[in-house]
Amino acid sequence: MDRLWPVSVVAVAALGPLTLAAANQGLPMHISVLLMVVGVVGGIGLILGLVAGPRLASVTVAITWLFWNYPLFGDLWWITAFAVAGAVWIASQWEWVRSTTFLAAMAIVVVPVTSLAVSRPPEVRAASGDVPLAQPAVTPDVWVLVVDGYTSLAEVARQTGVDVSGFAAELEQRQFQVPSGRANYPVTYLSVASMLEQSYVAVVGDDTTHRTPYYRIIQGGNATVDQFLSWGYDYVHVPPGIWSGSECGGREDLCVEADLPNDTLTALAAMTPLSLDSDSNVGAAAAQSNPADVVSRVPDGSNPVFVFAHLMAPHQPFFYDRECEVQAVSIHVAANPQFDPDSYGQAIECLNRQLLTGVDAILDRDPGAVIVIQADHGTGDFADEFADDRYEVFSAIRSACPVPDQLSVVNVMRIVSGCLTGRTDLAEHVEYSMTYDDPVIRQLER
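Worth saying up front: this structure is predicted, and the values here are computed from it rather than measured.

Rules used throughout
Residues numbered from 1 in each chain as written. Predicted model: local features only at pLDDT ≥ 70, side-chain atom pairs only at ≥ 80, totals over all residues. Heavy atoms only, no water. Helix = DSSP H or I, 4+ residues; strand = E, 2+ residues; numbered from the N terminus. Buried < 20%, exposed > 50% of the residue type's maximum accessible area, 1.4 Å probe, protein only. Phe/Tyr/Trp six-rings, centres within 6.5 Å; stacked < 30°, edge-to-face > 60°. Core = buried A, V, L, I, M, F, W, Y, C linked by side-chain atoms within 4.5 Å. Contact = heavy atoms within 4.5 Å. Pairing = 2+ DSSP bridges. Axes fitted to C-alpha atoms, helices over the stretch in contact; angles between N-to-C directions. Parallel < 35°, antiparallel > 145°, perpendicular 65-115°, else oblique. Left-handed = near helix turned anticlockwise from the far one by under 90°. 1 Å grid on protein atoms, 1.4 Å probe; cavity = no way out; pocket = protein on both sides within 12 Å on 5 of 7 lines; lining within 4 Å. Points joined across faces, edges and corners; volume = space filled by probe spheres on them. Nonpolar A, V, L, I, M, F, W, Y, C, P; charged D, E, K, R; others polar.

> Would you mind going over unusual backbone geometry with me for this structure?
Phi is mostly negative for residues that are not glycine, and the peptide bonds are mostly trans. Note the cis peptide between A313 and P314, where omega equals 5 degrees. Mapped onto the elements, P314 comes out in the loop between β5 (305-311) and α16 (341-365). The residue after Q316, namely P317, is reached through a cis peptide bond having omega 5 degrees. Mapped onto the secondary structure, P317 falls in the loop between β5 and α16. Phi is positive for Q198, which is not a glycine, with a value near 60 degrees. Within the secondary structure, Q198 is located in the loop between α10 (188-197) and α11 (212-218). Residue Q198 is classed as buried on the basis of its relative accessible area, which comes to 1%. In the Ramachandran plot, C324 falls in the positive-phi region, its phi being about 65 degrees despite a non-glycine side chain. In this structure, C324 sits in the loop between β5 and α16.

> Explain the packing of aromatic side chains to me, please; I cannot follow it from the model alone.
The geometry of an aromatic ring pair is captured by two quantities: the separation of the ring centres and the angle between the planes. Scanning all chains against the criterion turns up 18 aromatic pairs. Ring geometry for Y200 against Y432: centres 5.6 Å apart, planes inclined by 80 degrees, an arrangement best described as edge-to-face. With Y200 in the loop between α10 and α11 and Y432 in strand β10 (residues 432-433), the pair connects residues that are 232 residues apart, well separated along the chain. Seen in terms of ring centroids, F228 and W231 are 5.0 Å apart; in terms of plane orientation they differ by 75 degrees. Their pairing is edge-to-face.

> Looking at this structure, I do not really get the nonpolar core. What am I missing?
It is characteristic of soluble globular proteins that their nonpolar side chains tend to be buried jointly. In terms of nonpolar packing, the biggest core is built from 100 residues, with Y150, L190, F306, F308 and I373 touching the most fellow members. Per-element tally for this core: the top contributor is α16, with ten residues. Not counting chain neighbours up to four residues away, the residues in contact with Y150 comprise V156, F167, P314, Y344, I348, L351, N352, A375, H377, E392, V393 and F394. Of all hydrophobic cores here, the second largest spans seven residues; its members include W68, A81, L268 and M271.

> Looking at this structure, how should I read the sheet that holds strand β6 (residues 370-374)?
Picture the strands of a sheet paired through backbone hydrogen bonds; they go either parallel or antiparallel. The sheet built from six strands is open, its strands ordered β4-β3-β5-β1-β6-β8 with mixed pairing. The strands lining the two open edges of the sheet, one partner per strand, are β4 (254-255) and β8 (395-398). Relative to β8, β6 runs antiparallel, the two being bridged by four bridges. Across the sheet, Q374 pairs through a bridge with S395, a residue of β8.

> So what exactly am I meant to see when it comes to the side chain of T224 here?
Relative to the helices and strands, T224 resides in helix α12 (residues 223-230). On the accessibility criterion, T224 (0% relative accessible area) is buried. Setting aside anything within four residues of it in sequence, one finds T224 in contact with M195, L196, Q198, F306 and M413.

> What's the story with the sheet that holds strand β9 (residues 406-408) in this structure? I'm lost.
Spatial ordering of the open sheet is given by β7-β2-β9, a layout of three strands whose pairing is mixed. With partners counted over all chains shown, the strands left at the sheet margins are β7 (392-393) and β9, one partner each. Bridge count for strand β2 (residues 180-182) against β9 is three bridges, and the pairing is parallel. Following the sheet pairing, G181 is matched in β9 by L407.

> Help me understand α10 in this model?
What sets the pattern is the α-helix's 3.6 residues per turn: residues three or four places apart point alike. With ten of ten residues buried, α10 lies mostly within the body of the structure. T188, Y189, L190, S191, V192, A193, S194, M195, L196 and E197 are the residues of α10 that are buried. Elements in contact with the buried residues of α10: β1 (142-147), α11, α12, β5, β6 and α17 (412-421). Of the residues one or two after α10, Q198 is the one with positive phi, at around 60 degrees.

> Would you mind going over the packing of helix α4 (residues 54-67) against helix α5 (residues 77-91) with me for this structure?
Between two packed helices, both the angle of their axes relative to each other and the distance between the axes serve to describe the pair. Orientation of α4 relative to α5, taken along the N-to-C sense of each, is 155 degrees, at an axis distance of 9 Å. Here α4 lies roughly antiparallel to α5, going by the angle between them. Every pair of crossing elements has a handedness; the one defined by α4 and α5 is right-handed. Across the interface between the two elements, R55, L56, S58, V59, A62, I63, L66 and F67 of α4 pack against W77, T80, A81, V84, A85, V88, W89 and I90 of α5.

> How do you make sense of empty space enclosed by the protein when you look at a structure like this?
In this approach, a probe sized like a water molecule rolls over the atoms, and the result shows the empty space that is left. If you walk through the whole model with that rule in mind, you get one cavity of 30 Å³ or more. As a volume, the largest cavity reaches approximately 70 Å³. What lines the largest cavity is a set of 13 residues, and nearest its centre among them are A313, P314, F319, Y320 and A347. Residues of the lining of the largest cavity, tallied by class, amount to ten nonpolar, three polar and no charged.

> Help me understand the environment of E445 in this model?
Turning to its location among the elements, E445 is positioned in the segment after β11 (442-443). Linking E445 and Y432, residues 13 residues apart in sequence, is a C-alpha distance of 9.0 Å.

> Got a minute to help me understand the environment of G241 in this structure?
Tracing the sequence through the fold places G241 in the loop between β3 (234-238) and β4. The exposure class of G241 is partly exposed, given its relative accessible area of 26%. Sequence separation between G241 and D259 is 18 residues; the distance between their C-alpha atoms is 8.1 Å.

Coordinates in, geometry out; function isn't part of it.
Now the structure itself:
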């Protein structure tokens, strides 16, 4: 069995990427990054295993496992690594220990490999009915600003104690309508996809384990982009930079992105003692969540523009405090606290000022611009399907047409494009639930 040690070293080197891929089914992984990491880590271990024999290979396997599980040990990782390396080196002089370690090394990759092998991507529903493509009489600039995780103003006040009623008044002075918004799904990739597709993209019984089809909708393969491109608009896509679900998909005329490591590499680094949270990376990611900064980077053109901007604010990581000073956070979303009322409230105070600055800049370019400020979900724990505040969302639309007092996210772009084409039909409001542990869609009864 000692001759097989190099195989186990390479297997454990692949543990991190395999685990990440299995945990994020359908995430548009940057395969070159995964292969590079496996190649580097596995190559080093393979050389050690071949040159130094099974005892050093045993130590390499143990250290590699620890490498991919850094969050379990935190500040104690280095002490743990030295202790484990010494213990394994001593114990591996016995063949039965080496054999047990080898079998364990092979066994730990079985779960993610099996998960990837048996899962299949779903068939995602197309928009129900053809969306109107006839040329509208007027073609104002249209800006859609997705403010990720922005709950209703009433919930902001209740959860954080921050009075944001003045923000709604400021928007209304700029001819916005501020309805009561409700999400249809508890997660970004379903909520934003349904808004852009102008239709429910997953219904009762659908398994949403694979996210790639929904990501492709957000990345430009949707009914809304079809409409605006057919009308002669320039399509500008603004990704958040730290979540690849809404990265630029290739249909856009302009991609306004930040110079940041892709989130596959960021997620891998977060599993290890390494860090990509440099001041420059955090600053770039913060700027990408600042609507005023984003607006300033969209150039004027001869054609009307349709701008879709996904802002990772006020969602964690909370890049800004109430004075809009950049905070020391991680650019890997999951590495940050899920929810902190004080930081959330401060982030919203800053975001509201940035939004007003961005809106004013848009109106300076085109006083007749249509502007949507829309959240995808609220703040509640979506693992609790009865968390009502998860479905409370902020909505504000500047449009020539009336907006219903109760606005369903799935109808946002129906209203916006319908105002230009005369379409008046709206989808019935339905609220669906799922969790990452149980990704099969269920319907909520309120």
